[in-house]
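Letter by letter, the chains look like this.
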Amino acid sequence: MQPPAVGETHSTNVTFTQRDFDEFARLSGDNNPIHVDPEFSARTAFGRTVAHGMALFGVLDAATSQWLGAPMGAVSQELMFTAPTFTDEPVAIDLAVMAASDNGFEVAQRMTRPDGLQTCVGAVTRGDLSGAAAGDGPSPAPESGESFRGLEVGVTAEMARRYTAADIAAYLGLIDDPDPTYRGQDAVVPPPLLGGLISCLLGVELPGPGTNWLKQRYRFHHPVVAGELVTGRVEITRLRPDKALVNLRTECVTPRGMAVTGEALVLVADLVPPPTRS
């Protein structure tokens, strides 16, 4: 199949169920109540449970793989979560090739609800990962700032896990991505599943339950394979108490070095304070 050319577009759709939200929570460990607890979610601005940001990343990644045809690793991914995605509503996915070369593609991504609201806007660069690390700049340094809801600049959280072949198979059962590198004896861990480790940290550890993800940028430096130990880390780099916003550095590290770096922006208006926070 001939790859799409610059300017070409593609559309498809997806509908999530609460079972999908629950299964992604199980796979990622992110049981943030805004995704899995209808009673808690009813008390938030959402009014009901909402999709994980990395589940949205997953369906965008799968739709992009399906359209481009040839398997190519993600070099970078930007995501902006502009409105909640709910269960039992068909969400339109629209893709457009913005640039193309022998080394890969740049694709604009968009998800839209039936009421016309865009729920996720993304942009992915796909191609050869061999030069990704060399072109990567440093993440923003932490800023000094006041404490807010028990959060402080410079505070970190991390967790480690090994994604097994069974984990990847369960992910593919939930999000049917045709990329062959996610299958077989040396299966690569899908980037949205790595993002699930960051999702778990943000939604469970720091800032914690009730966190609403607004933006994420990833840069991918080398693939993570099934069974490989990967450690996710997040660090608060900025607090904006007037808007209840928190910026964080995000990364995934393996024994071979840095696999993923990036930055997150989250809203903590519905944050559930643990006993140690005021």
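Residues numbered from 1 in each chain as written. Predicted model: local features only at pLDDT ≥ 70, side-chain atom pairs only at ≥ 80, totals over all residues. Heavy atoms only, no water.

Draft legend 1. Up close: unusual backbone geometry. The omega angle of the peptide bond from Leu206 to Pro207 is 5°, so this bond is cis rather than trans. Tracing the backbone shows Pro207 in the loop between α6 (191–205) and β7 (212–220). Within the chain, Arg149 stands out as a residue other than glycine whose phi angle is a positive 50°. Looking at the secondary structure, you find Arg149 in the loop between β5 (118–127) and β6 (156–162). (Helix = DSSP H or I, 4+ residues; strand = E, 2+ residues; numbered from the N terminus.)

Draft legend 2. Representation of the packing of helix α1 (residues 18–28) against helix α5 (residues 165–174) within the structure. Contact geometry for α1 and α5: axes closest at 11 Å, N-to-C directions at 160°. What the angle tells us is that α1 and α5 run roughly antiparallel. The chirality of how α1 crosses α5 is left-handed. Contact residues: Asp20, Glu23, Phe24, Arg26 and Leu27 in α1; Asp167, Ala170, Tyr171 and Leu174 in α5. Class assignment of the residues belonging to the contact of α1 with α5 gives a composition of five nonpolar, no polar and four charged. (Axes fitted to C-alpha atoms, helices over the stretch in contact; angles between N-to-C directions. Parallel < 35°, antiparallel > 145°, perpendicular 65-115°, else oblique. Left-handed = near helix turned anticlockwise from the far one by under 90°. Contact = heavy atoms within 4.5 Å. Nonpolar A, V, L, I, M, F, W, Y, C, P; charged D, E, K, R; others polar.)

Draft legend 3. Fine view of the pairing of β5. Across eight bridges, strand β2 (residues 73–81) lies against β5 in antiparallel orientation. Across the sheet, residue Glu78 finds its bridge partner in β5, namely Ala123. With nine bridges connecting them, strand β4 (residues 104–112) and β5 associate as antiparallel partners. When the sheet's bridge partners are listed, Arg110 is paired in β5 with Val121. Linking β4 back to β5 in an antiparallel pair, the connection comprises five residues, with Gly116 at a positive phi of about 95°. (Pairing = 2+ DSSP bridges.)

Draft legend 4. Examining the confidence of the model for the protein more closely. For the protein, per-residue confidence averages 91 on the pLDDT scale, and residues scoring 70 or more make up 91% of the total. Note on residues 131–138: pLDDT under 50 across the span, and eight contacts to partners over four residues away in sequence or across chains. (pLDDT = per-residue confidence, 0-100.)

Draft legend 5. The arrangement of the sheet that holds strand β10 (residues 257–267) in detail. An order of β1-β3-β4-β5-β2-β7-β10-β9-β8-β6 is seen for the ten strands of this open sheet, with the pairing classed as antiparallel. Whereas interior strands pair on both sides, the edge strands pair on one side only; in this sheet they are β1 (9–15) and β6. The sheet shows a mean angle of 20° between the axes of neighbouring strands, direction not considered. Looking at chain direction, strand β9 (residues 245–254) and β10 are connected through ten bridges and run antiparallel.

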